[in-house]
Amino acid sequence: MHLNPYGEYAVLLAASLADDWPADRAGIEARTRDFGMTMEFRESPDDHALTRLAIDDWLLVVDATDPAERAALLNAQMAAVAAYPRLTDHDGEGWHLHYRDDNQVLSAVLRAVIGVGTSLHLVTRGMHRLGRCASSPCANVVVDVTRNGRQRYCSVRCANRAAVRRHRERTAPEPPARLRP
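What comes next concerns the included structure. Treat the numbers as computed from the prediction; the structure is a model and nothing was measured.

About the criteria used
- Residues numbered from 1 in each chain as written.
- Predicted model: local features only at pLDDT ≥ 70, side-chain atom pairs only at ≥ 80, totals over all residues.
- Heavy atoms only, no water.
- Helix = DSSP H or I, 4+ residues; strand = E, 2+ residues; numbered from the N terminus.
- Expected span 1.5 Å × (residues − 1).
- Buried < 20%, exposed > 50% of the residue type's maximum accessible area, 1.4 Å probe, protein only.
- Phe/Tyr/Trp six-rings, centres within 6.5 Å; stacked < 30°, edge-to-face > 60°.
- Lys NZ or Arg CZ within 6 Å of the ring centre and 35° of its normal.
- Salt bridge = Lys/Arg side-chain N within 4 Å of Asp/Glu carboxyl O.

## Description of helix α5 (residues 106–125)
Phase 1 of the analysis: The end-to-end C-alpha distance of α5 is 27 Å, a good match for the 28 Å that 20 residues give at a rise of 1.5 Å each.
Phase 2 of the analysis: Across the 20 residues of α5, 15 count as buried, placing the element largely inside the fold.
Phase 3 of the analysis: Remark: Gly126 follows α5 within two positions and exhibits a positive phi of approximately 135°.

## Focus on the packing of aromatic side chains
Phase 1 of the analysis: A complete count under the given rule lists 0 aromatic pairs for this structure.
Phase 2 of the analysis: It is Arg52 that lies over the ring of Trp21; its NZ or CZ is 4.8 Å from the centre.

## With respect to the pattern of salt bridges
Phase 1 of the analysis: A full pass over the atoms with the stated rule returns 10 salt bridges.
Phase 2 of the analysis: Arg33 serves as the salt-bridge partner of Glu29, at 2.8 Å between the closest nitrogen and oxygen. Of this pair, Glu29 and Arg33 both sit in helix α2 (residues 25–34), separated by 4 residues, roughly a single helical turn.
Phase 3 of the analysis: By relative accessible area, which is 16% here, Glu29 ends up buried.
Phase 4 of the analysis: Residue classification places Arg33 among the partly exposed positions, given a relative accessible area of 30%.
Phase 5 of the analysis: Across the pair Asp57 and Arg111 runs a salt bridge, and its minimum N-O distance is 2.8 Å. Of this pair, Asp57 sits in helix α3 (residues 47–63) while Arg111 sits in helix α5, and the two are 54 residues apart along the sequence.
Phase 6 of the analysis: Of the residues examined, Asp57 reaches a relative accessible area of 26% and is grouped as partly exposed.
Phase 7 of the analysis: Taking relative accessible area as the criterion, Arg111 reaches 23% and is therefore assigned partly exposed.
Phase 8 of the analysis: One salt-bridge network, in which partners are shared between bridges, spans Arg25, Glu29, Arg33, Glu40 and Asp47.

What follows is the structure in structure tokens.
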């Protein structure tokens, strides 16, 4: 039995959706497959819009810097989709827990998975392990999965861009002093 099927992948899925929003429901479902979700999702005509709302709510957690506020937001989001945990064995994955009711629509499933996954990520790795990229003007989500807990950039490209910016600032010649009349 898997002890934590809602680990890191759920938070990385949320970040992927937030940073590169799919054009339609099929794109959302394809992204869930890319991140390892194999189950079928019941369709609803509002799936695209309701999933966008779920991601926007999750971004409130990302942008919260106070651990207590972050916890309160996550608790409220999980309470809105709460269900009894249940054992399931679908799609050859082996026995594992679902923290949601069966046959929910895509947006509700993602709210539950992302809420529980984010909570587990923060309590096991640290409440500070979620934020925005430190390379201006990038605003992508950073899910810190590093060993030392100091990831500040969403990608190597952004880290390099910030390093070049800092280097140029350090080595820039001093502007000439202006003469006063």
